[in-house]
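Observations on chain architecture
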Amino acid sequence: MKDLGSFLINEIKNNGPMPLSSYIQQCLLHPTFGYYSKKPVFGVDGDFTTAPEISQMFGELIALSILQTWIDQGSPSQIILTELGPGRGTMMADMLRTFKSYPKFLKAAEIHLVEASSNLKHIQKTRLSEYNIVWHEKLPKFENKHLFLIANEFFDALPIEQYLRKGDNFFKRTVQVSDGKLEFGLEEKPTKNYFLDMRLSDTSNGDIVELNLSAANLSKNIGEHINNFGGAAIFIDYGDWRSLGDTLQAVKNHEYCNVFVSPGELDISAHVDFEILALNSGCAFSKLTTQGVLLERLGITERANNLAKSLKGKALESHIAAHRRLTHPKEMGSIFKALSLFPKNFPCPPGFEQ
Ligand code: SAH
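Please read all numbers here as calculations on a predicted model, not as lab measurements. (Residues numbered from 1 in each chain as written. Predicted model: local features only at pLDDT ≥ 70, side-chain atom pairs only at ≥ 80, totals over all residues. Heavy atoms only, no water.)

1. Brief notes about the site of the ligand
Thr50, Gly85, Gly87, Glu115 and Asn152 are the nearest of the 18 residues found near the ligand. Interatomic distance of 3.1 Å between a backbone N/O atom of Gly87 and an oxygen atom of the ligand. Here a nitrogen atom of the ligand and a backbone polar atom of Asn152 are 2.8 Å apart. Starting from 570 Å² of accessible surface for the ligand in isolation, the protein chains cover 95%. (Near = heavy atom within 4 Å. Polar contact = N/O pair within 3.5 Å; in protein donor to acceptor, adjacent residues only side chain to side chain. Areas by Shrake-Rupley, 256 points an atom, 1.4 Å probe, with all protein chains shown as cover.)

Structure representation (structure tokens):
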């Protein structure tokens, strides 16, 4: 195989059009040519920077919210602490460093990381070598213990499907080949399911609706566990309560481009539809909160002032810029949203509102 593009074209020629979700999955996670499988994609050398890479304050404050939730649920002595898609392991490193001040929590925690890319798993192993950690490629069925789970910019990387509304039906978009090139196609038979039925009331002819069924399933499994055994989940991502329209985006070398240009070289993502994550979880969920408000409520300004005391010059400037970038409505403060799941009859994690 030369490259992912020719491999996918061959696949489609042999087996017929492929679902958009399979195309995205291959582009991101193909073991040799997938975007996450190849070069370092985060941080200064990479294509994009995520909140934990911008400042240690992000992981520290989320850790405090998790810690208080654990206390609110009676400080159970055996818990599962897990992160979905930990990237370079930065957020988990910042959280675990914070937990060191609360040894009872750290002692209670069995740490599990869910990572599909072997390249990133390797980076996480090096970064977190001082801790005892179990890795999984997929969300496992955990033991019957409280589960505290975080996911930052994870759900946006899961493959979506898109559906085109024609009349009162939704038709799934596919990826097909024409004149040796990849392009969108459409299934002939309409798709029917609960989530699409729900969208008949707020869409019209010609609209695109996106569904992230892998995300919906994950949220269901996580919610079930939290309902049965306690714990909480915090999901942070870009998106909104309900998705509307085509939000699929492909970025190459910091520029937006067509989703079929150089597969495997592109970061492909889509807005997260938090409504489906919340409703499908089956457990109690918070209001959707913007990242800026969440971090302010958790005390980012106090933490930023404290850290600033030992900084000067360029380091101080970049610390101030990082605080702004994480919280300001024109930067990540409003675009990024957070949702928490928790057991019925318990308070929601600090920073959130019910
Ligand atoms: N949370 C990190 C990284 C976000 S990028 C941060 O905020 O910096 C998305 C992460 O999810 C990467 O680690 C990627 O390899 C992982 N990932 C993507 N799809 C996945 C899947 N289907 N299963 C498990 N991990 C996945």
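2. Regarding the environment of Ile80
Mapped onto the elements, Ile80 comes out in strand β2 (residues 79–84). For Ile80, a relative accessible area of 0% corresponds to the buried category. Note: C-alpha distance between Ile80 and His323 (243 residues apart in sequence) is 30 Å. (Helix = DSSP H or I, 4+ residues; strand = E, 2+ residues; numbered from the N terminus. Buried < 20%, exposed > 50% of the residue type's maximum accessible area, 1.4 Å probe, protein only.)

3. What about empty space enclosed by the protein?
Tallied over the entire structure, the rule returns three cavities of 30 Å³ or more. Reported here for the largest cavity is a volume of approximately 60 Å³. Phe155, Asn212, Ala215, Ala216, His271, Val272, Asp273, Ile276 and Leu277 are the residues that line the largest cavity. Mapped by element, the contributors of at least two residues to the lining of the largest cavity are α9 (213–229), β14 (272–273) and α10 (274–281). Class assignment of the residues belonging to the lining of the largest cavity gives a composition of six nonpolar, two polar and one charged. (1 Å grid on protein atoms, 1.4 Å probe; cavity = no way out; pocket = protein on both sides within 12 Å on 5 of 7 lines; lining within 4 Å. Points joined across faces, edges and corners; volume = space filled by probe spheres on them. Nonpolar A, V, L, I, M, F, W, Y, C, P; charged D, E, K, R; others polar.)

So far we have only geometry, and geometry alone does not tell us how the molecule works.
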